[in-house]
Amino acid sequence: MKITYFNPMNGYEKINWLTHPTGDPFADVGGLVIECLQEKFPDKDIFQLIEQVTDIYVSHWENNLHSFFLNSTITHNSNKGKKGVEKTISFYKGLSKEGAREVGYCRITGQYGSVFQGARDNHIMSGSATLINFHHGFENGIRLSKEALIRIFFVPLGVEQLGNKVAMVLSNNLEVTRYFVGRRVQNNLNDIGKKVSKSVLRSEFTNPANALFDYARMCIEDVQTVLHTSQDLENNAGTSLNLYHFTNFGASPTIDLYTLPATVFSFYAACMSRYRRDWQNFIYRQYTNSKFKNASFDPASFSWANDKESYNYDEFKTWKNRVLEALLNDNHKIVRKAFLFHSKRHILNFEIVKIYQTNIRNMDKRTISKIKELSDFMVIDRSDDDIKKFIARLNGAKNGNVLRGLLLKLMDRNYQEGNKEPLFSLEEYVDYLFPDGSYWAEIRDLLLIAMYQRLHEIDKKVAVELEEPENEQLH
């Protein structure tokens, strides 16, 4: 199972292709499952582990692997019970037997040697052996080494059911991927020990966006290698998460990829570690459920309630969350508008907005500083009437020219009030307020957010209504 190769840095090394990272998501998850089982059962060789896992699939899960392997030695109707066990073990042991076979390069590991057919019965999402035009050279399947095929067999223990498909989570940080796989293997073994395991682990989520952010929460709270403190946010490890949402079942095998980019992960980690309660007070208000009518959010108990029912976080976390979906889909307008309408009604730590703008929107920190200076100019030591006019004019700005005109009027007012220092210099106007590639509405909204947050800080209430976009419920 080990191949020797030459590493220019370390000389000759042995590679264990049953567990060594390959870059193929399915093979890597399967390899980590094997690695985890080898640590738990060090006296068992790979074929004994195959026998153990086959027993789980057949005796505990009743051959229910149709989302992984179509018409396999386990899932085919003719292979129920003991027959399926025997055929499965015989197949994988047969991969190591000497005799006539095809020689070539494994599509996954790249190693040269004996290769075998990989199709939908023993590999995931690789195409059917009967549709030879699917494969290169009209072959009856992709060509894989025995190690690659064995790894794929272990995948079901390292994933979970998410809605009507299977979810497989990987990260560019190997320790994060190892954490998720190890967690699922352990949960499976625990359920098997309790005799309650009936199939692949089932996630409490059905929405991939909610699930991905919950995976990120697990990383932030549990994985020691993923540290995002105030000292290392700007120099974080760049952790990202990929969720493969797939089914290999029947006539419609499909796979969708959802990615939580490193920038969003870093932003989320900062919110959860530095400003957890402020972030929760904001993000919990963004959950919606069409079946839960006339509900309001209670910030004291962090729950949603109406006259009849009440739901805490563990119950409403599976609801649709427009901001989480917007973060996942890079829809910055929805995120910004959510910040704005929340700020009008509730306190929002402006540092959260700052981190979002600098980490995800790549905004210059000096732009944020100048926006805060301008907002302070429009709020501090101003009458209610003045503040109302400033907010109304900003909110009424429908294009960049109007916004620029408002800022120039602020500059003039600053001069008329006898202030020695200009409100902003020509360089600041060009480089920070309206740099190339900037969007005027973003500057306008950030000015409004900063103004409302300053009003909250000085406990000053000014009754000005903002127009909410149609069909948008922002709490």
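I will try to describe carefully the structure that is included in this document. (Residues numbered from 1 in each chain as written. Predicted model: local features only at pLDDT ≥ 70, side-chain atom pairs only at ≥ 80, totals over all residues. Heavy atoms only, no water.)

All right, on to the overall build of the protein then. The helix and strand inventory of the protein stands at 17 helices and 14 strands. Taken over 475 residues, the protein has a buried fraction of 51%. For the protein, the share of sequence-separated contacts (at least 6 apart) that also reach a separation of at least 24 residues comes to 69%. Accessible area of the protein: about 23200 Å², with a carbon and sulfur share of 48%. (Helix = DSSP H or I, 4+ residues; strand = E, 2+ residues; numbered from the N terminus. Buried < 20%, exposed > 50% of the residue type's maximum accessible area, 1.4 Å probe, protein only. Contact = heavy atoms within 4.5 Å. Areas by Shrake-Rupley, 256 points an atom, 1.4 Å probe, with all protein chains shown as cover.)

Sheet architecture is open: four strands sit in the order S6-S7-S8-S9, paired in antiparallel fashion. Here the strands that pair on one side only, and so sit at the sheet edges, are strand S6 (160-162) and strand S9 (254-260). Neighbour to neighbour, the strand axes of the sheet diverge by 35° on average, direction disregarded. Pairing of strand S7 (residues 165-171) with strand S8 (residues 241-247), which is carried by six bridges, proceeds in the antiparallel orientation. Bridge pairing in S8 links Ala167 to His245. The strands that helix H1 (residues 25-40) touches are S7, S8 and S9; relative to S7, the one it contacts most, it runs at about 80°. (Pairing = 2+ DSSP bridges. Axes fitted to C-alpha atoms, helices over the stretch in contact; angles between N-to-C directions.)

Let us now look at the packing of aromatic side chains. Inspection of every chain in the model, using the stated rule, returns 35 aromatic pairs. Taking the centre distance of 5.6 Å and the plane angle of 70° together, the rings of Phe267 and Tyr356 count as edge-to-face. One end of the pair, Phe267, is in helix H7 (residues 262-274); the other, Tyr356, is in helix H12 (residues 350-360), with 89 residues separating them in the sequence. Tyr356 shares its class with Phe267; the two are buried. Pairing Phe339 with Tyr356 gives two aromatic rings, centres 5.6 Å apart and planes at 80°, and the pair type is edge-to-face. Taken together, the residues Phe339 in helix H11 (residues 332-345) and Tyr356 in helix H12 connect sequence positions 17 residues apart. Through a chain of ring-to-ring contacts, the aromatic side chains of Tyr284, Tyr287, Phe292, Phe297, Phe302, Trp304, Tyr311, Tyr313, Phe316 and Trp319 assemble into a single cluster. The ring centre of Phe41 lies 5.1 Å from the NZ or CZ of Lys44, which sits over that ring. The ring of Phe377 has Arg382 lying over it, and the distance from NZ or CZ to the ring centre is 4.5 Å. (Phe/Tyr/Trp six-rings, centres within 6.5 Å; stacked < 30°, edge-to-face > 60°. Lys NZ or Arg CZ within 6 Å of the ring centre and 35° of its normal.)

Attention now goes to the pairing of S9. In the sheet, S8 pairs with S9 via seven bridges, with the strands oriented antiparallel. Residue pairing across strands places Thr247 opposite Thr254, the latter belonging to S9.

The subject of this paragraph is the environment of Lys337. Its place among the elements puts Lys337 in helix H11. Given a relative accessible area of 13%, Lys337 falls into the buried group. At a separation of 3.3 Å, a polar atom in the side chain of Lys337 contacts the side chain of Asp445. (Polar contact = N/O pair within 3.5 Å; in protein donor to acceptor, adjacent residues only side chain to side chain.)

Strand pairing in a sheet takes place through backbone hydrogen bonds and is either antiparallel or parallel in direction. Here three strands make up an open sheet; going across it, the order is S11-S12-S13 and the pairing antiparallel. In the strand order of this sheet, the two ends are held by strand S11 (296-298) and strand S13 (310-311), each with one partner. Bridge count for strand S12 (residues 303-305) against S13 is two bridges, and the pairing is antiparallel. Residue pairing across strands places Ala305 opposite Ser310, the latter belonging to S13.

Any two side chains of opposite charge can pair, given that their charged atoms come close. Counted under the stated rule, the structure contains 29 salt bridges. Where Glu442 meets Arg361, a salt bridge forms, and the shortest distance between an N and an O atom there is 3.0 Å. With Glu442 in helix H17 (residues 440-457) and Arg361 in the loop between H12 and helix H13 (365-379), this residue pair connects regions lying 81 residues apart in the sequence. Classification of Arg361 as partly exposed rests on a relative accessible area of 24%. A salt bridge links Arg413 to Asp386; the shortest N-O distance between them is 2.8 Å. Residue Arg413 is found in helix H15 (residues 400-416), and its partner Asp386 is found in helix H14 (residues 384-396); the two are separated by 27 residues along the sequence. The class for Asp386 is buried, based on a relative accessible area of 18%. Taken together, the shared-partner salt bridges connect Asp214, Arg217, Glu221 and Arg276 into one network. (Salt bridge = Lys/Arg side-chain N within 4 Å of Asp/Glu carboxyl O.)

Compared with an ideal rise of 1.5 Å per residue, which puts 14 residues at 20 Å, H11 spans 21 Å between its outermost C-alpha atoms and is within 8% of the ideal. Where burial is concerned, most of H11 is hidden: ten out of the 14 residues are buried. All buried positions along H11 are accounted for by Val335, Arg336, Lys337, Ala338, Phe339, Leu340, Phe341, His342, Ser343 and Lys344. Buried residues in H11 make contact with H7, helix H8 (276-283), helix H10 (322-328), H12 and H17. (Expected span 1.5 Å × (residues − 1).)

Function-wise, these values are silent; they only describe arrangement.
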